[in-house]
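Next come the chains, spelled out residue by residue.
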Amino acid sequence: MSDGTVFPENLLEQILDSQSDLADRECIFAYIVDLCCKSGKDRERLMTLLLGNYTNLAHLLCMSRHERDVLGIRDQNFFVSLRLFREAALRFNQASLPSGDLIHNERLLINYLTTCMARERVEQFRVLFLDKQNGLILDEVQGKGTVNQTAVYPREITRRCRELHASAVILAHNHPSGTAKPSEADVIMTQQVQQALSLIKVNVLDHYIIARSTWSSFRALGLL
Amino acid sequence: MRQKILDHGTGALADYELLEMLLFNVIPRRDTKPLAKSLLAHFGSWLSICQASKRELEDCHLGAKTIVMLQFIRQCAASLAMTDTHNPFCFADWERLLVYADRYTQGDVATGTRVIYVNNRNELLLDHFLTDESDIVSLHQQIAELALDVNATALILVYIAPRRPANVIAQHVLGLKHALRPLSIEVYDALLVGENWKKSLHQEGLLGEDE
């Protein structure tokens, strides 16, 4: 390539076309390392570390500070760049959501929620506030909890619906443990939110649980 | 700017700031803010920039490296949107733990203690060698800090070729169990292993009074 990258262009095109993770992991990792790691002699060591510890691109992009320290990665630009690419990807997936009816294309919605929270290490609870056409007004993290629980305040969600003039919401939270099965506490909490919102005639369209390799929908499970 | 991101995350960045910083990787030692702003103005949105074809980007006089970087964002997005198929090692039952523990007694068996940290599905998060066991307080601190760092909800201790008798070790394990309780971290068991033998303190009833 004219500007000196060692990354073979045709291979990247192949990756970009495939839209899947079947693309060569080593090749993708080499691209990021080459792009973001400025010290040549660190690159080889970094590549060995990454290939030994990360299963795919998404996994790498979600590297935590702790993992960085354990692996002894001192290249600050590399770590920050991972965060930047992750944020860029997140904004892309959010912008890819349909501007109109959000539940019309569930696949895109799940893609987005997976991007946001499937690999988070603690639970977070999101509320997607929707307008009359079920279009997205705002996606907001309402609470971050610990590894297996999050506090949710129906009063706060109701108040935000008023502020944003939302007429429906979609709830979502992640299970870092990997299971997508709703717990009893999840079901009770959902009912509490539903009851609170029904007072101001706001519908809960669905509640999704997002896990690393799977997801579930309260609506599909008949829990709403 | 980098420090700001490390401290406050990337969520607060304006689109042009995010683009500016990404561009810095391909166009170093230059102010990339004007380019970031003009690209956003030209394409109109984050989505359009990321979806732009190679030709459309070339028409903006961008170099090959920049174009590849911009298109790479889509690859990141696709990868993040996909559910992971990676299955970590799971200590589903006692048998699995025994099979796993075989690794400690292969080859030269050196005395030492390991801590296996697991999540609430009993999946392996970290298998860590304790370096200094002389001081109980700092030992508890070391284990508690690591458990929090890897978001563990439980752990299993493995004493390899222990020199102390089982009932003495059991007292230590009970002490740790007690110390970790306020953090909701469980100590499932302590496994004593040596060449051709394995013993569970839990199964021996030595941790029994705590159940």
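Our subject is the structure listed above.
Note that the structure is predicted; figures quoted are calculated from it, not measured. (Residues numbered from 1 in each chain as written. Chains lettered and ligands numbered in written order. Predicted model: local features only at pLDDT ≥ 70, side-chain atom pairs only at ≥ 80, totals over all residues. Heavy atoms only, no water.)

Participant: Give a description of the overall build of chain B that names residues and reports values.
Facilitator: Check the secondary structure of chain B and you find 9 helices and 5 strands. Along chain B, helices (α) and strands (β) appear in the sequence α-α-α-α-α-α-α-β-β-α-β-α-β-β when read from the amino end. Here chain B has a C-alpha radius of gyration of 26 Å; the compact-globule value for 211 residues is 17 Å, and the former is much larger. Split into buried and exposed, the 211 residues of chain B put 46% on the buried side. In chain B, of all internal contacts separated by at least 6 residues, the share reaching a separation of at least 24 is 55%. Accessible surface, chain B: about 10,700 Å² in total, of which carbon and sulfur atoms supply 49%. Between the averaged position of the 20 positive side-chain charges in chain B and that of its 27 negative side-chain charges there is a distance of 9 Å. (Helix = DSSP H or I, 4+ residues; strand = E, 2+ residues; numbered from the N terminus. Rg over C-alpha atoms; globule rule 2.2 N^0.38 Å. Buried < 20%, exposed > 50% of the residue type's maximum accessible area, 1.4 Å probe, protein only. Contact = heavy atoms within 4.5 Å. Areas by Shrake-Rupley, 256 points an atom, 1.4 Å probe, with all protein chains shown as cover. Lys, Arg positive; Asp, Glu negative; His and termini not counted. Charge placed at Lys NZ, Arg CZ, Asp CG, Glu CD.)

Participant: Describe the interface of chain B and chain A, with residues and values.
Facilitator: Listed as interface residues are 51 residues of chain B and, on the opposing side, 57 residues of chain A. Of the roughly 5,100 Å² buried at the junction of chain B and chain A (both faces included), carbon and sulfur atoms supply 62%. Linking chain B to chain A there are 2 salt bridges. With its nearest N and O atoms 2.7 Å apart, the salt bridge here joins Arg91 of chain A to Asp15 of chain B. In this assembly, chain B and chain A are joined by 16 residue pairs in polar contact (both at pLDDT 80 or more). Among the elements of the structure, helix H1 (2–8), helix H2 (15–26), helix H4 (46–51), helix H6 (64–81) and helix H8 (136–149) of chain B are those that each provide at least two residues to the side of chain B that touches chain A. The element best represented in the side of chain B that touches chain A is H6 of chain B, accounting for 16 residues. (Buried area = accessible area lost by both parts, 1.4 Å probe. Salt bridge = Lys/Arg side-chain N within 4 Å of Asp/Glu carboxyl O. Polar contact = N/O pair within 3.5 Å; in protein donor to acceptor, adjacent residues only side chain to side chain.)

Participant: Lay out the packing of helix H6 (residues 76–95) of chain A against H2 of chain B with the relevant residues and their values.
Facilitator: Interhelical geometry of H6 of chain A versus H2 of chain B gives an angle of 135° and a closest axis separation of 10 Å. If you check the angle between H6 of chain A and H2 of chain B, you find them oblique. Viewed along their axes, H6 of chain A and H2 of chain B form a crossing whose handedness is left-handed. Residues Asn77, Val80, Ser81, Leu84, Phe85, Glu87, Ala88 and Arg91 of chain A of H6 of chain A form the contact with H2 of chain B, whose participating residues are Asp15, Leu18, Met21, Leu22 and Asn25 of chain B. Looking at side-chain class alone, the contact of H6 of chain A with H2 of chain B contains 7 nonpolar, 3 polar and 3 charged residues. (Axes fitted to C-alpha atoms, helices over the stretch in contact; angles between N-to-C directions. Parallel < 35°, antiparallel > 145°, perpendicular 65-115°, else oblique. Left-handed = near helix turned anticlockwise from the far one by under 90°. Nonpolar A, V, L, I, M, F, W, Y, C, P; charged D, E, K, R; others polar.)

Participant: I'd like a rundown of the sheet that holds strand S4 (residues 203–210) of chain A, residues and numbers included.
Facilitator: Residues and elements named next belong to chain A. Spatially, the 5 strands line up as an open sheet ordered S2-S1-S3-S4-S5, and their pairing is mixed. The sheet is open, and its two borders are formed by strand S2 (136–144) and strand S5 (215–217), each paired with just one other strand. The sheet shows a mean angle of 20° between the axes of neighbouring strands, taken without regard to direction. Seen against the sheet, helix H8 (residues 154–164) touches strand S1 (124–130), S2 and strand S3 (168–174) and runs at an angle of roughly 155° to S2. (Pairing = 2+ DSSP bridges.)

Participant: If you had to explain the sheet that holds strand S4 (residues 186–194) of chain B to someone new, which residues and values would you point to?
Facilitator: Residue and element names in this part refer to chain B. What the 5 strands build is an open sheet, ordered S2-S1-S3-S4-S5; its pairing is mixed. Among the strands making up the open sheet, the edge pair consists of strand S2 (124–129) and strand S5 (197–200). On average, each strand axis in the sheet is tilted by 20° relative to the strand beside it, whichever way the strands run. Summarising the sheet, strand S3 (residues 154–160) and S4 pair through 7 bridges and their orientation is parallel. Residue pairing in the sheet places Val158 in a bridge with Leu191 of S4. Seen against the sheet, helix H7 (residues 94–101) touches strand S1 (112–118), S2, S3, S4 and S5 and runs at an angle of roughly 45° to S4.

Participant: Give me the nonpolar core: which residues, what numbers.
Facilitator: Note that soluble globular proteins tend to have their nonpolar side chains buried in a common cluster. Of all hydrophobic cores here, the largest spans 61 residues; its most connected members are Leu50, Phe78 and Phe85 of chain A. The residues touching Phe78 of chain A, leaving out its near neighbours within four places in the chain, are Ile32, Val33, Cys36, Leu46, Leu50, Met63 and Ile73 of chain A. Residues Tyr159, Leu176, Leu180 and Leu201 of chain B belong to the second largest nonpolar core, which totals 25 residues. (Core = buried A, V, L, I, M, F, W, Y, C linked by side-chain atoms within 4.5 Å.)

Participant: Account for the side chain of His173 of chain A, with residues named and values stated.
Facilitator: With respect to the secondary-structure elements, His173 of chain A resides in strand S3. Those residues within four positions of His173 of chain A in sequence are excluded, and the remaining contacts are Met117, Glu123, Gln124, Phe125, Asp186, His207, Tyr208, Ile209 and Ile210 of chain A.

Participant: How would you summarise the layout of surface pockets if you had to cite specific residues and measurements?
Facilitator: Taken as a whole, the largest pocket holds about 1,100 Å³ of empty space. Every residue lining the largest pocket is counted, 36 residues in all, and those nearest its centre are His59, Glu67 and Arg121 of chain A together with Leu124 and Leu125 of chain B. Put simply, the parts of the chain that give the lining of the largest pocket at least two residues each are helix H3 (40–53) and helix H5 (65–71) of chain A together with S2 of chain B. Its residues assigned to classes, the lining of the largest pocket shows 14 nonpolar, 12 polar and 10 charged. The wall of the second largest pocket is formed by 30 residues, among which Arg86, Glu120, Gln124 and Lys144 of chain A together with Thr10 of chain B lie closest to the centre. Those elements that place two or more of their residues in the lining of the second largest pocket are H5, H6, helix H7 (106–117), S1 and S2 of chain A together with H1 of chain B. (1 Å grid on protein atoms, 1.4 Å probe; cavity = no way out; pocket = protein on both sides within 12 Å on 5 of 7 lines; lining within 4 Å. Points joined across faces, edges and corners; volume = space filled by probe spheres on them.)

Participant: Tell me about unusual backbone geometry, and please be specific about residues and values.
Facilitator: Residue and element names in this part refer to chain B. A positive phi angle, close to 55°, is found at Arg29, a residue other than glycine. In this fold, Arg29 is placed in the loop between H2 and helix H3 (33–43). The exposed category is assigned to Arg29, whose relative accessible area is 77%. With a phi angle near 65°, Asn196 is a residue other than glycine that sits in the positive phi range. Along the polypeptide, Asn196 turns up in the loop between S4 and S5. Residue classification places Asn196 among the exposed positions, given a relative accessible area of 81%.

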